[in-house]
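Each chain, letter by letter, is given below.
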Amino acid sequence: MSTEYADATQAQIRETLTRLQSPIPDLTTLLPLLVAPLACVGLLPPRFRDYDIAPISSDAFSILRHIPALQRALLEHIVPAWEPVLQQEDKYQLIEQYFCPDAISFASPAAGQFALYAYSTLLSISMRDSSVWLLAKLCKSYPIDVLHSVLFSSGTSVSSSRHSISWEDCVRDVISVPAKVANYMAGRSDIPSVLEHGMYFSDVSIRTEALIYVLSSANKSQDTLDSLAYLLAKLVNVGVFPPSIPTSPAQPSFFRSTLATIRAHLGTSDDQKYSAFWIGLLAAMPSSLTLRSFLTSLLSSLTPLQPPRDGLDAGATVRALVKREALLLKQLFGALSRSNGELSESFSAVALGRTWTEGHARIFACWAAGAQHGSRTREGLDLLLAEVVDMWTDSEHVRHSLLSQHHYVTALLLLTLSHFPPPSPAHDLALSPPFIRSVSTYISHLDPSIRRCGMLVAEEVARAAGKALDFGDWDGDEQGKPWCRRLRDLIKQSDVDAEDWVEPEESALPHSRAPLVTDVADVSEGNLAAPPEPPEPPAGYDSDDSVTGYASTASSRSASPTPSELAEYERDPTLRVGVKKVPRPVYLAQLGEMVRSSGGLQGGNEQDTATKIEVALDVAEELIRRKSGYGTELEENAVNLVYGFIGLQDNYDLEGFDQKRQAALDALVACCPRKAAPTIIEQFFTNQYSTDQRFVMLNALALGARELAGLPVPDLPGRQALPDNKTAFPSKQLPPALHKRYITAGDQLSTNNPVQLLLEGISQLAIEKGREATADKIPEVVRERNLRVRTSSKISEVPAPASPSARLALMQQLAGTGFRHPKLTSFSEVAAEFFICPLINRFWQFLRDEQTREERSAHQPLLHRYRSAGSGLVLSALVLGRMLETLGVLVHAARNAKEWLHVIAPDALELALTVGTRPVSRGEGLDEDADVDAPEGQTSKEAALLNASLELALVVLDGCLDLDGGRSLGLEHTALLLGTGEWASKVFGSLEDGAKVVGGGGAQEVHLRRSAAGVVLKVDELTSRWRRSMIDLV
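These notes cover the structure that comes with them. For every chain, the first residue of the written sequence is number 1, and numbering continues from 1 along that sequence. Where local features are concerned, this predicted model is filtered to residues with pLDDT of at least 70; where side-chain atom pairs are given and counted, the filter is 80 or more; whole-chain, interface and lining totals use all residues. Note that the side-chain values use all heavy atoms of the structure and ignore hydrogens as well as water.

## Quick word on the overall build of the chain
For step 1, the next point in the chain: The number of helices and strands found in the chain is 43 helices and 0 strands.
For step 2, the next point in the chain: Of all 1034 residues assigned to the chain, the portion counted as buried reaches 48%.
For step 3, the next point in the chain: When contacts within the chain are restricted to residue pairs at least 6 apart in sequence, those whose partners lie at least 24 apart make up 77%.
For step 4, the next point in the chain: The Shrake-Rupley method, run with a 1.4 Å probe sphere, supplies the accessible areas, and residue values consider only the shown protein chains as cover. Taken as a whole, the chain presents about 50900 Å² of accessible surface, with 52% of it coming from carbon and sulfur. To qualify as a helix, a DSSP run of H or I must reach at least 4 residues; to qualify as a strand, a run of E must reach at least 2; elements of each kind are numbered from the N terminus. Accessible area is worked out with a 1.4 Å probe on protein chains only. A residue is then buried under 20% of its type maximum, exposed over 50%, and partly exposed in between. Contact between two residues is taken to exist if any of their heavy atoms lie within 4.5 Å; hydrogens are not considered.

## Quick look at the packing of helix α37 (residues 827–856) against helix α39 (residues 900–917)
For step 1, the next point in the chain: For helices, the fitted line uses only the C-alpha atoms of the stretch in contact; every axis is such a line through C-alpha atoms, and the angle between N-to-C directions lies from 0 to 180 degrees. At a closest axis distance of 11 Å, the pairing of α37 and α39 adopts a crossing angle of 30°. Considering their axes alone, α37 and α39 lie roughly parallel with respect to each other. Crossing of α37 against α39: the hand is left-handed. Of α39, the residues touching α37 (which contributes Ala832, Ile836, Cys837, Ile840, Phe843 and Trp844) are Val903, Ile904, Asp907, Ala908, Leu911, Thr914 and Val915.
For step 2, the next point in the chain: Taken together, the residues that form the contact of α37 with α39 break down as 11 nonpolar, 1 polar and 1 charged. Should an angle fall under 35 degrees it is taken as roughly parallel, and over 145 as roughly antiparallel, whereas 65 to 115 is taken as roughly perpendicular and any remaining angle as oblique. Here a crossing is called left-handed whenever its near helix is offset anticlockwise from the far helix by less than a right angle, and right-handed whenever the offset is clockwise. Ten residue types, Ala, Val, Leu, Ile, Met, Phe, Trp, Tyr, Cys and Pro, are classed as nonpolar, four, Asp, Glu, Lys and Arg, as charged, and the remainder, Gly among them, as polar.

## Side note on a negative patch on the surface
For step 1, the next point in the chain: Like charges are joined within 9 Å and nonpolar side chains (Val, Leu, Ile, Met, Phe, Trp, Tyr) within 5 Å, but only among residues with over 30% relative accessible area and no salt bridge; these make up the patches. The term salt bridge refers to a side-chain nitrogen of Lys or Arg lying within 4 Å of a carboxyl oxygen of Asp or Glu. Counting rule applied: Lys, Arg positive; Asp, Glu negative; His and chain ends not counted. Taken as the charge centre is NZ of Lys, CZ of Arg, CG of Asp or CD of Glu, depending on the residue. Taken together, Glu342, Glu345, Glu387, Asp390, Asp394 and Glu396 make up a surface patch of like negative charges.
For step 2, the next point in the chain: Mapped by element, the contributors of at least two residues to the negative patch are α15 (341–353) and α17 (378–392).
For step 3, the next point in the chain: Assignment of secondary structure puts Glu387 in helix α17.
For step 4, the next point in the chain: The exposure class assigned to Glu387 is partly exposed, which follows from its relative accessible area of 34%.

## Description of the nonpolar core
For step 1, the next point in the chain: Grouped together as the largest cluster of nonpolar side chains are 166 residues, with contacts concentrated most on Leu20, Trp82, Leu195, Trp278 and Phe333.
For step 2, the next point in the chain: The element best represented in this core is helix α3 (residues 63–88), accounting for 12 residues.
For step 3, the next point in the chain: Boundaries between domains were set according to an automatic or database domain assignment. Here this core spans two domains, and each of domain 1 (1–141) and domain 2 (301–501) adds at least three residues to it.
For step 4, the next point in the chain: If near-sequence neighbours (up to four positions away) are discounted, Leu195 is found in contact with Val132, Leu135, Ala136, Cys139, Val177, Pro178, Val181 and Tyr200. By nonpolar core is meant a set of buried Ala, Val, Leu, Ile, Met, Phe, Trp, Tyr and Cys residues that side-chain atoms within 4.5 Å join together.

## Some remarks on the packing of helix α9 (residues 197–216) against helix α12 (residues 271–283)
For step 1, the next point in the chain: Interhelical geometry of α9 versus α12 gives an angle of 115° and a closest axis separation of 9 Å. The orientation of α9 relative to α12 falls into the category roughly perpendicular. Considering the relative orientation of α9 and α12, their crossing is right-handed. On α12, the residues touching Glu209, Ile212, Tyr213, Leu215 and Ser216 of α9 are Lys273, Tyr274, Phe277, Trp278 and Leu281.
For step 2, the next point in the chain: Classifying every residue of the contact of α9 with α12 by side-chain character gives 7 nonpolar, 1 polar and 2 charged.

## Describing the pattern of salt bridges
For step 1, the next point in the chain: Applying the stated criterion to the full structure yields 35 salt bridges.
For step 2, the next point in the chain: Between Arg895 and Asp962 there is a salt bridge, with the nearest N and O atoms lying 3.0 Å from each other. Highlighted residues: Arg895 in the loop between α38 (877–893) and α39 and Asp962 in helix α40 (residues 943–964), separated in sequence by 67 residues.

## Focus: the side chain of Thr290
For step 1, the next point in the chain: With respect to the helices, strands and loops of the structure, Thr290 is situated in helix α13 (residues 288–301).
For step 2, the next point in the chain: For Thr290, a relative accessible area of 7% puts it in the buried group.
For step 3, the next point in the chain: In this structure, Thr290 is in contact with Ala233, Val236 and Met285, ignoring residues within four places of it in sequence.

## Let's talk about α3
For step 1, the next point in the chain: Given the number of residues in a helix, its expected span is that number minus one, multiplied by 1.5 Å. Across its 26 residues, α3 extends only 29 Å between first and last C-alpha, which sits more than 12% below the 38 Å expected from 1.5 Å per residue.
For step 2, the next point in the chain: A bend of about 65° at Trp82 is the largest found in α3, and the proline Pro84 appears one to four places after it. Bend at a given residue is defined as the angle between two axes, one fitted to the seven residues that end at that position and one fitted to the seven that begin there.

## Quick notes on unusual backbone geometry
With the exception of glycine, the majority of residues adopt a negative phi angle, and the majority of peptide bonds are in the trans configuration.
For step 1, the next point in the chain: Cis peptide bonds are those with omega within 30 degrees of zero, and the linkage from Pro422 to Pro423 qualifies with -5°.
For step 2, the next point in the chain: Along the chain, Pro423 falls in the loop between α19 (403–418) and α20 (426–430).
For step 3, the next point in the chain: Despite not being glycine, Ala371 shows a phi value in the positive range, around 55°.
For step 4, the next point in the chain: Looking at where Ala371 falls in the secondary structure, it is placed in the loop between α16 (358–369) and α17.

## Brief notes about a nonpolar patch on the surface
For step 1, the next point in the chain: Together, Ile443, Leu469 and Phe471 line one region of the surface with nonpolar side chains, adding up to about 230 Å² of accessible area.
For step 2, the next point in the chain: On the secondary structure map, Ile443 appears in helix α21 (residues 433–443).
For step 3, the next point in the chain: Looking at Ile443, the relative accessible area reads 35%, which means it is partly exposed.

## Section: the side chain of Thr416
For step 1, the next point in the chain: With respect to the secondary-structure elements, Thr416 resides in helix α19.
For step 2, the next point in the chain: Nitrogen and oxygen atoms within 3.5 Å of one another constitute a polar contact, given that in protein one can donate a hydrogen and the other can accept it, and given that sequence-neighbouring residues count only through two side-chain atoms. Looking at Thr416, its side chain comes within polar contact range of the main-chain oxygen of Leu412, at 2.6 Å.
For step 3, the next point in the chain: Discounting chain neighbours no more than four positions away, the residues touching Thr416 are Ala365, Leu381, Leu384 and Leu385.

## Considerations on the environment of Gln659
For step 1, the next point in the chain: Residue placement: Gln659 occurs in helix α28 (residues 657–671).
For step 2, the next point in the chain: By relative accessible area, which is 19% here, Gln659 ends up buried.
For step 3, the next point in the chain: Linking Gln659 and Leu617, residues 42 residues apart in sequence, is a C-alpha distance of 9.4 Å.

## Details of α21
For step 1, the next point in the chain: Every buried residue of α21 is listed here: Phe435, Ser438, Val439 and Tyr442. Taken around the axis of α21, the buried residues stretch over an arc of 105°, which confines them to a single face.
For step 2, the next point in the chain: In the core, the buried residues of α21 are packed alongside α17, α18 (395–400), α19, α20 and α22 (448–464). An arc is given here, and it is the one of the directions from the helix axis to the C-beta atoms.

## So, the packing of aromatic side chains
For step 1, the next point in the chain: Ring geometry is summarised as follows: Phe, Tyr and Trp rings, the Trp one being its six-membered ring, pair when their centres sit within 6.5 Å, and such pairs are stacked at plane angles under 30 degrees, edge-to-face over 60 and tilted between the two. Inspection of the entire model under this criterion finds 25 aromatic pairs.
For step 2, the next point in the chain: Between the aromatic rings of Phe241 and Phe294, the centroid separation amounts to 5.1 Å while the plane-to-plane angle is 45°, which identifies the pairing as tilted. Of this pair, Phe241 sits in the loop between α10 (222–237) and α11 (254–266) while Phe294 sits in helix α13, and the two are 53 residues apart along the sequence. Both residues of the pair, Phe241 and Phe294, count as buried.

## Concerning the environment of Ala218
For step 1, the next point in the chain: As for its placement among the helices and strands, Ala218 is situated in the loop between α9 and α10.
For step 2, the next point in the chain: For the pair formed by Ala218 and Lys273, sequence separation is 55 residues and the distance between their alpha carbons is 9.2 Å.

Written out as structure tokens, the structure reads:
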């Protein structure tokens, strides 16, 4: 291969990688880029061969160098943008092939290397839902034993040190999968079952045992033993070898998953090789602590001798079972001997370091004796007896151990002593001074049951030494006498001489290990664990024999098309002549081009324009939230998208236009507040928008701020309708049934003002708190409370949410398609700088400019005078009231901001007081055809605007009382506080005197009266706290 050819091939690979990291215009351009590397290594599925139009030479392509970079480019650039399109076009298999090659490609060496690098790549970058589903498929199709065969295959020419490093990295990646997935999912219920902690490590345990079985038949090398010992050590570190039997399926246990298979393999013709491999593997453990954890978990998993099996049962069945368990220990660990010092020390620490049952004592003694009929190992018994005697003669053990520990140690001592072949060491033990002293200590113990343990051991040791000793009084059922009699009967024979265990016929142990290859098709993104097909009913079965159908002749009609056939007809290009399909936008720049064309006025087909806007609205919120917190694409396009969506008009009567546009703007504010919020505020004070568009802007600010603050957000499309009296038509209403039938979603949304609903709830909560705080100051209320029967404490059940919002439903729907909403910016971080202060400052600037224009035209005739508060303008009562309501919601959501007490609260209260007391326009409060030169006393605030101002003041006062008791507002802005109280008192007094307010009456008057009273109470509560300090400042 020439140098020029190699350079050209390398340039082609670099170009492919660069283009994958850059925005791709369409699917036609993307597919050849995905196909070429797969075709180069032989992993391209046959159905995609037509897209291989620019092949890459396999000579210059290196899996080690290029595949990790390609995998990272796909996860960081292609999957976030193109995943929905690839799934819709049934091309997502190309992405999966880079991480988890299918079953057809399993035999290829490149497939295993792709999977090996996929673990590292998926876990090294920010986790996404698509990464979770790829990991779910990967761990099923390429488990730990397959990865080991990839790294340690005989065909590779890599050095052993390189193998060891790669294997350690691989094990760390495999072990960390469930923890990283659980941290990412953060309590979500849609985590794949194969990635749950318990099931995942259960599968890893099964595959590890399968790997050990396969390698035991091959030539045993030190590299192989070291690699498996490292794997077992890592499993010990993550708790796969628990010290006791787990009680929950979520808790993994190596031996709970594999012990039955290990027993089956030890009973085959290759049991000698399998046993020798286990012995060598455990001898290669990196530390004694790891070996102890392994041994403790195994001993805990042995067949328990508990009811209906008793640990002291001397029956032949139980003795055979004890011998089987002891033989298992011998086959896995080898015999106890001084040559295997590390095993002996670990076993002593485990056997005597915790309390076991008498059944375990029988197993330990039988193992030390060799677990073989007619042949007993004296060396193992000597080691065990020495450790047990040291424990039994310890004075601290005699005085402070529990009865269960005494029973276990006593049983282990006598059982070990009974297994000794002649000559017995009982004679030396009987003459041992520590033993004699311990017997005296036992006899002097206050607990009769413990005292009898020492008496029993003394008698049995004396009998084995050929001496006679009898304390007597062994009859009866009290004070541990039955236990001593049963143990005495048990040691008359040895478990090592029992017959071999024979499995009952009904038990079926596994005979083969799990298959190495798992069908990739079994794991899908939508259905990881498909339920089994129900069994076919027997022939002639009928669930209801009383019903018999009539015989009918075959129909001459052709069968109706199935849904899949209808979908195929729909995709047939020959049937869609003249219909132009609008592609789904993949990047935010494409979305912005669809809603706000950069080419100026566009003529062309109106149908195409309507379709483009409809497609853009359908995917806008999902696409914006998908791009949130991922690169700088959203920040670069947020301003253009804001311009596009607030300028949209429903010229084509699209279904759900208002809701989808509102959802898109809400998503922009919530996901990119530093760009979207200032842009919306700037456009709000531009005179080119209608009232409806201004309301959409204010709703976006309020709802986006609530979402950033983590507060509940009312859902516009799915919110329940208000009562009939609030949705009634102005003149007359149809009957209730017809009214519910014909009322539209638009009618409900226009009536259910989300900002007003939010502010009403906030102000009502503030009033309730003020009512409770001032109730004790009114004698009549206190007397009424004392005379009333006292109710229980104010503990009530938290009501469950009625129904999930559309945002929550969208989040759950996107979670199943590879999307997870990222962590949003806290509203307290951006409230003052990007929401509240810009809104207030822009209002003052706008008010100054509008009043200046009015003054300039004041000398003109009435027809030519400028009127800043005209219908649809910002200073009209309708729009200005909605702005104050939005400001109230923002102020309430920003209570945790550090600027709240000293900046936000006084500025918002000053705005509320100014708008509520001073005219913002010469014609405020007058009809459209009224004389604007009317005296100032004849002009008044409209009820809606006055109520919004009072509610904003109420929110500010309530927040100041909650945060610092009103200190900063009362001492630093005393005049503003007293002026607010005087204004609210005057409004409340006028309403009490029967004064009429423009636009008042009905529910509006009730709200206005309630808000004014709430402000009066809050000001009184605040001034009563700081009145003495406020005197010199007034």
